[in-house]
Amino acid sequence: MNVEAQWLLCSPDISYKVCHDSATHKMMSTRLLTLLSPHPVKRSLPLICNAYFSNLRRHYENVSTAICQSGSCFNQITYCKKGIWSVSPAGNRCFSLTPAGIVNAAPVSIQPYLRLMRLDKPIGTWLLYLPGAWSIGLAADPGCLPDFRMLALFGVGALLMRGAGCTINDMWDKDFDKKVLRTASRPIASGEVTRFQALVFLGGQLSLALGVLLCLNYYSIALGAASLSLVVTYPLMKRITYWPQLVLGLTFNWGALLGWSAVMGSCDWSVCLPLYFSGVMWTLIYDTIYAHQDKEDDLKVGVKSTALRFGQHTKQWLGGFSVAMLSGLVLAGVNVDQTLPYYCTLSAVAVHLAHQIYTVDINRPEDCWKKFASNRNLGLLLFLGIVTGNLWKKRNDDQYEMQLNSASN
């Protein structure tokens, strides 16, 4: 191979352009063939091509590159992974509308507060929101979709109250979190946010949540305010009892009561109580699985949980909670005159629970997290069943007309 051909293959600048400029790529390929054709080293061509395409593949698969000269980028290829900011050699960043991406895109000064309210980990917000969404769906008029305004209000409320709950939890657990690898990087435990700053931030979250609550009727305002005692005291339960997940269930599923009252003006206890009970059983299922991630650290620091209480009998307990959950959902459906799609969905929920419990490996933290996170899909599936079951109903037009007349008078 002549010197010019070797220089073309080995030059970093030329290799760089070959990988990122299609026009240059064609030109250089033609130039290489021209240079090599008069020489007896044509047999080296397969090796040359293999080296060239290996270099090309490495660039496209493993690197995020921008070609910038004098501050002007004429060709930029950015590579984002897992929805977070990625920094190119030129200093440019790419953005994705995922929770982690939003948090990392925020100004550095407020990122600790967004992490404090777990904005980058929305699974908890979903699990808090869904019982309220179920209740709103069950309270909808026969043959009608649920109240979208209420669904939106409860979504904002769930985001704020989950953030407030996490802030309270981290304030209580600062010393415990420092001793656990998974929680040592939390903003308060790591010192990024002081307890006083967290307290001020908590006041802001609760104030905004109060604004959302004040959009509801008086009955719902009083009912919602009653849940605050559970929000504040739940983090202490892990120091007192092996059943903190039960208290979390009582807290997280308050929306099952609040959603119905927000739509109807008061609670129908024949519907709300079975739904609330089912939600509590559901929380015992998914949070016990979640607690198995930290059971070794919990033993070291003296924290209690149902994971430690049940031990190797966890799956039997979770099976019992599943039966109780499904029984409550059936009773709530019967009392609200739900239809075939709802009960078909309950069958799918039962299959999901059975698969989740049977396949979970309680000694593998990553599998526990995966099964825990899958409960969002279970909750959404149940909500879909409630909505389709309600749309399946035939509306009583005479009763509906009477309601319209009474409202107009």
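Residues numbered from 1 in each chain as written. Predicted model: local features only at pLDDT ≥ 70, side-chain atom pairs only at ≥ 80, totals over all residues. Heavy atoms only, no water.

Enquirer: I keep staring at the overall build of the chain and nothing clicks. Help me out?
Expert: Per the secondary structure count, the chain includes 23 helices and four strands. Expressed as a percentage of the 409 residues in the chain, the buried residues total 46%. Across the chain, every contact between residues at least 6 apart in sequence was considered, and the portion connecting residues at least 24 apart equals 67%. For the chain, the accessible area works out to roughly 21,100 Å², and carbon and sulfur atoms hold 63% of it. (Helix = DSSP H or I, 4+ residues; strand = E, 2+ residues; numbered from the N terminus. Buried < 20%, exposed > 50% of the residue type's maximum accessible area, 1.4 Å probe, protein only. Contact = heavy atoms within 4.5 Å. Areas by Shrake-Rupley, 256 points an atom, 1.4 Å probe, with all protein chains shown as cover.)

Enquirer: Teacher, can you tell me more about the environment of K174 here?
Expert: With respect to the secondary-structure elements, K174 resides in helix 9 (residues 174-178). K174 gets classed as partly exposed once you look at its relative accessible area, which sits at 24%. Beyond its immediate sequence surroundings of up to four residues, K174 is in contact with I188, A189 and R195.

Enquirer: Got a minute to help me understand the pattern of salt bridges in this structure?
Expert: Pairing is possible between side chains of opposite charge, provided their charged atoms come close. Tallied over the entire structure, the rule returns nine salt bridges. The partner of R118 in a salt bridge is D170, with the nearest N and O atoms 2.9 Å apart. You can see R118 sitting in the loop between helix 6 (111-116) and helix 7 (123-139) and its partner D170 sitting in helix 8 (residues 148-172), a full 52 residues away along the chain. Overall, R118 belongs to the buried group, its relative accessible area being 9%. (Salt bridge = Lys/Arg side-chain N within 4 Å of Asp/Glu carboxyl O.)

Enquirer: How should the nonpolar core be read in this particular structure?
Expert: Nonpolar side chains in soluble globular proteins tend to be buried together. Counting residues in each nonpolar core, the largest one holds 69 residues, and the members touching the most others are W134, F154, L216, W282, M325 and L382. No other element matches helix 16 (residues 269-291), which puts twelve residues into this core. Sequence-distant contacts of W134, that is, excluding residues within four places in its chain, are made with L275, W282, G379, L382, F383 and I386. The next biggest cluster of nonpolar side chains, apart from the first, holds nine residues, and it includes I168, M171, V193 and V231. (Core = buried A, V, L, I, M, F, W, Y, C linked by side-chain atoms within 4.5 Å.)

Enquirer: I tried to follow the packing of helix 12 (residues 218-226) against helix 15 (residues 255-264) on my own but got confused; where do I start?
Expert: How two helices sit against one another is set out by the angle between their axes and by the gap between those axes. At a minimum axis distance of 8 Å, the contact between helix 12 and helix 15 shows a crossing angle of 165 degrees. As summarised for this structure, helix 12 and helix 15 are arranged roughly antiparallel, according to the angle between their axes. Our pair here, helix 12 against helix 15, has a crossing hand that is left-handed. Contacts between helix 12 and helix 15 involve Y219, S220, L223 and G224 from the first element and L257, L258, S261 and A262 from the second. Considered class by class, the residues forming the contact of helix 12 with helix 15 number five nonpolar, three polar and no charged. (Axes fitted to C-alpha atoms, helices over the stretch in contact; angles between N-to-C directions. Parallel < 35°, antiparallel > 145°, perpendicular 65-115°, else oblique. Left-handed = near helix turned anticlockwise from the far one by under 90°. Nonpolar A, V, L, I, M, F, W, Y, C, P; charged D, E, K, R; others polar.)

Enquirer: Any chance you could explain helix 16 here in plain terms?
Expert: Residues spaced three or four apart along an α-helix point in a common direction, a consequence of the helix completing one turn every 3.6 residues. Here helix 16 is 23 residues long and its end C-alpha atoms lie 31 Å apart, about the 33 Å a rise of 1.5 Å per residue gives. For helix 16, a buried count of 19 out of 23 residues is recorded, marking the element as mostly surrounded by other parts of the structure. (Expected span 1.5 Å × (residues − 1).)

Enquirer: What is the right way to look at the side chain of S278 in this model?
Expert: Mapped onto the secondary structure, S278 falls in helix 16. A distance of 2.9 Å separates a polar atom in the side chain of S278 from the backbone oxygen of M325. With residues near it in sequence (within four places) discarded, S278 still touches A324, M325, G328 and L329. (Polar contact = N/O pair within 3.5 Å; in protein donor to acceptor, adjacent residues only side chain to side chain.)

Enquirer: Looking at this structure, I do not really get unusual backbone geometry. What am I missing?
Expert: Positioned with a positive phi, R118 is a non-glycine residue whose angle comes to about 60 degrees. In this structure, D337 takes a positive phi of about 60 degrees despite not being glycine. D337 sits in the exposed class, given a relative accessible area of 58%.

Enquirer: Where do I start with the state of the cysteines in this structure?
Expert: The term disulfide refers to a covalent linkage connecting the sulfur atoms of a pair of cysteines. One pass over the structure, following the stated rule, counts zero disulfides. Free of any disulfide, C267 has its nearest neighbouring cysteine sulfur in C272, separated by 4.2 Å. (Disulfide = S-S within 2.5 Å.)

Enquirer: For this particular structure, what's the right way to read the packing of aromatic side chains?
Expert: The relation between two aromatic rings is expressed through the spacing of the ring centres and the mutual angle of the planes. The final tally for this structure, using the stated rule, is 15 aromatic pairs. On the numbers, 6.0 Å between centres and 50 degrees between planes, the contact of F310 with F321 is tilted. One end of the pair, F310, is in helix 18 (residues 306-310); the other, F321, is in helix 19 (residues 314-335), and eleven residues separate them in sequence. The two residues F310 and F321 agree in class, both being buried. Here the aromatic residues W134, W282, Y286, Y290, W369 and F372 are joined through ring pairs into a cluster of three or more. (Phe/Tyr/Trp six-rings, centres within 6.5 Å; stacked < 30°, edge-to-face > 60°.)

Enquirer: Explain helix 15 here, please?
Expert: For helix 15, a buried count of eight out of ten residues is recorded, marking the element as mostly surrounded by other parts of the structure. Those residues of helix 15 lying buried are G255, A256, L257, L258, G259, W260, S261 and A262. The secondary structure elements touched by the buried residues of helix 15 are helix 7, helix 8, helix 12 and helix 16.

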